[in-house]
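Geometric and topological summary
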Amino acid sequence: MLTVRETAELLTGSDYDNILILTHIRPDGDTIGCAAALCAGLRRLGKHAYMLSNPGLTEHMKPYCELYELPEDYPPERIISAGNAEENPEANPETPEESPEENPDEIILDENPDENPEADLESGEEWIFKPGKKIKIISVDIATENLFPKNAEMYKGRVDLAIDHHPSFEEFGKNNIVRPDAAACGELLYDILCAMGRITPEIALPLYVAIATDCGCFAYNNTTAHTHSVASALMRTGIDYQTVNKIFFRTKSRIRMQLEAAMLQDAIFCDQNRIVILSVPLSLTRGMNATESDLEELSSLGGQIEGVDCAVTMRELEPDVWKFSLRTGKRINATEACKLLGGGGHAAAAGCTIRGASYEEARARMLRAIVRVSDAQI
Ligand SMILES: [Mn+2]
């Protein structure tokens, strides 16, 4: 396992001139924010850093990473074979020597132009990766390779550096660094990026998104004094954190509001009103034309009801395929219940998927699992 300093040394070293960053399936603010911030920090050092586009990216997240996404048509076999000059069709030793006029898409170094070895690259394809050098693969906020999005499957077993904060982190990288007590992977990234140089507003803004979203705007139990002190340092760079807070924590679409109203209308309470079951059948999401953005984080709704210590949210992904999310207090262990149905997670937040079951069947199976792991009476 690497330390922060060793990770920063690795990233600033000449082995890491070409970098591709992976984010997890159904990406959240933490994974996207970390990837964007790392890209910004690496490009500032003159490195060729990109994020692999994520098919599940929601509208809210797009503005923070569109500068950094690798073009979707970039052939993955070039990434895997890069580093072998003969095999690398991008290798072009005749790149013109003189510095080009500023490429508008290019992040230019603000302090040390001499340290930018890529100043001689013209715009166009050559800009993407430095010819003849291996492309290093980095993952951020990903606990296991099972959470790679579809388009990242081919990078399984090929990650050079994995950076994470989940207790269940599987150390699948050639190099790994994890900080399980961090509320967000962004907190760890902040320390790494500090060791690499100055934190610019371009780095700070996506990092703020990463940290604020993973701790529910500093309200979840995972929030620590360190979380606040990192946020404070980021805010001092002059970023517009007010807009981030408004968009992510104080704004809901009309469809989302109506969806929540419908869920609460049909809520089922049991076990002396300590368990609530909220459901999102396909008929509801289709009827409302809800997008993935409208459906984000629905699992936090039930737990806000006074007296509830076990909130069950069941969403129908396909006909008779139900994805369950449990949010529980101390009395009921969410992982234990979900494990009985083939899922898992944390003690207070876990999930599982039940296939081939009607709404009533799926609900009954979940309630039976909860009864088996607790004193709940149903
Ligand atoms: Mn995270």
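This text gives an overview of the structure that appears in the document. Counting of residues starts from 1 at the beginning of each chain's written sequence and follows it residue by residue. Per-residue local features are limited, in this predicted model, to residues with pLDDT of at least 70; the limit for side-chain atom pairs, both in listing and counting, is 80 or more; totals at the level of whole chains, interfaces and linings are taken over all residues.

**As for the overall build of the chain**
Stated formally: Per the convention used, a helix needs a DSSP run of H or I reaching at least four residues, while a strand needs a run of E reaching at least two, with both numbered from the N terminus. Partly exposed residues are those whose C-beta has more than 12 but fewer than 20 other C-beta atoms within 10 Å; with 20 or more the residue is buried, with 12 or fewer it is exposed, and the C-beta atoms are placed from the backbone. In this description, a residue-residue contact is defined by the distance between C-beta atoms placed from the backbone, which must lie within 7 Å.
Broken down by element type, the chain carries 14 helices and eleven strands. Taking all 378 residues of the chain together, the buried fraction comes to 37%. Of all intrachain contacts in the chain linking residues separated by at least 6 positions in sequence, the fraction that spans at least 24 positions is 64%.

**Things to note about the packing of helix α2 (residues 29-44) against helix α7 (residues 201-214)**
Put simply, the rule is: Helix axes use the C-alpha atoms of the stretch in contact, all axes being lines fitted to C-alpha atoms, and the angles between their N-to-C directions lie in the range 0 to 180 degrees. Orientation categories follow fixed angle ranges, with anything under 35 degrees roughly parallel, anything over 145 roughly antiparallel, 65 to 115 roughly perpendicular, and all other angles oblique. Crossing chirality is assigned from the near helix's rotation relative to the far helix, an anticlockwise turn below a right angle marking it left-handed and a clockwise turn marking it right-handed. The residue classification treats Ala, Val, Leu, Ile, Met, Phe, Trp, Tyr, Cys and Pro as nonpolar and Asp, Glu, Lys and Arg as charged. All others, Gly included, are polar.
In the contact formed by α2 and α7, the axes pass within 7 Å of each other and the chain directions differ by 160°. By the criterion of interaxial angle, the relationship of α2 to α7 is roughly antiparallel. Seen from above, α2 lies across α7 with left-handed handedness. Two secondary-structure elements touch here, α2 through Gly29, Asp30, Gly33, Cys34, Ala36, Ala37, Ala40 and Gly41 and α7 through Glu202, Ile203, Pro206, Leu207, Val209, Ala210, Thr213 and Asp214. A class-by-class count of the residues in the contact of α2 with α7 yields nine nonpolar, four polar and three charged.

**Looking at the environment of Ile177**
Here Ile177 is to be found in strand β5 (residues 175-178). Judged by C-beta crowding, with 23 C-beta atoms within 10 Å, Ile177 ranks as buried. Each residue touching Ile177, except ones within four places of it in the same chain, is listed here: Met1, Leu2, Thr7 and Ile163.

**Points about the sheet that holds strand β11 (residues 349-355)**
Stated precisely, the cut-off is as follows: When DSSP locates at least two bridges between a pair of strands, those strands are taken to pair.
Here six strands make up an open sheet; going across it, the order is β6-β7-β8-β9-β11-β10 and the pairing mixed. Every other strand in the sheet has two partners, leaving β6 (268-270) and β10 (344-345) as the edge strands with one partner each. Judged from the seven bridges that link them, strand β9 (residues 321-328) and β11 form a sheet pairing that is antiparallel. Note that in β11 the partner of Phe324 across the bridge is Cys352. Sheet strands in contact with helix α14 (residues 359-373) are β7 (275-280), β8 (310-318), β9 and β11, and its direction is about 145° off that of β8.

**With respect to the nonpolar core**
Keep this limit in mind: As used here, a nonpolar core is made of buried Ala, Val, Leu, Ile, Met, Phe, Trp, Tyr and Cys residues. They are joined through C-beta atoms within 7 Å.
Counting 67 residues, the largest nonpolar core has Ile21, Cys39, Leu189 and Tyr208 as its most contacted members. Setting aside its immediate chain neighbours within four residues, Tyr208 contacts Ala231, Leu234, Ile239, Tyr241 and Val244. Listed in part, the 26 residues of the second largest apolar core include Met263, Val308, Ile354 and Ala369.

**Structural notes on the sheet that holds strand β3 (residues 135-140)**
In spatial order, the strands read β2-β1-β3-β4-β5; together these five strands make up an open sheet with parallel pairing. The open sheet has two edge strands, β2 (48-51) and β5, and neither has a second partner. Here the average twist between neighbouring strands, direction ignored, is 15°. Alignment of strand β1 (residues 18-22) against β2, held across four bridges, turns out to be parallel. Residue Leu20 lies in a different strand from β2, and its bridge partner there is Tyr50.

**Re α14**
The condition is simple: A helix is expected to span 1.5 Å multiplied by its residue count minus one. By construction, the arc corresponds to the directions joining the helix axis to the C-beta atoms.
If you check α14, its first and last C-alpha atoms are 22 Å apart, about what 15 residues at 1.5 Å a residue would give, namely 21 Å. What α14 keeps buried is the set Ala362, Met366, Ala369 and Ile370. Along the axis of α14, the buried positions cluster into a sector of 100°, meaning they face one direction only. Opposite the buried face of α14, at more than 90 degrees from it, the exposed residues are Glu360 and Arg372. Buried-residue contacts for α14 involve β7, β8, β9, α13 (334-339) and β11.

**Remarks on unusual backbone geometry**
You will see that Asp271, though not glycine, has its phi angle at about 55°, which is positive. Within the element layout of this structure, Asp271 appears in the loop between β6 and β7. Assessed through the 20 C-beta atoms surrounding it within 10 Å, Asp271 is described here as buried. Positive phi, normally seen in glycine, also occurs at Asn273, with a value near 65°. Tracing the chain through its elements places Asn273 in the loop between β6 and β7. Look at Asn273 and you get exposed, because 12 C-beta atoms sit within 10 Å.

Remember, this is a structural readout, not a statement about activity or role.
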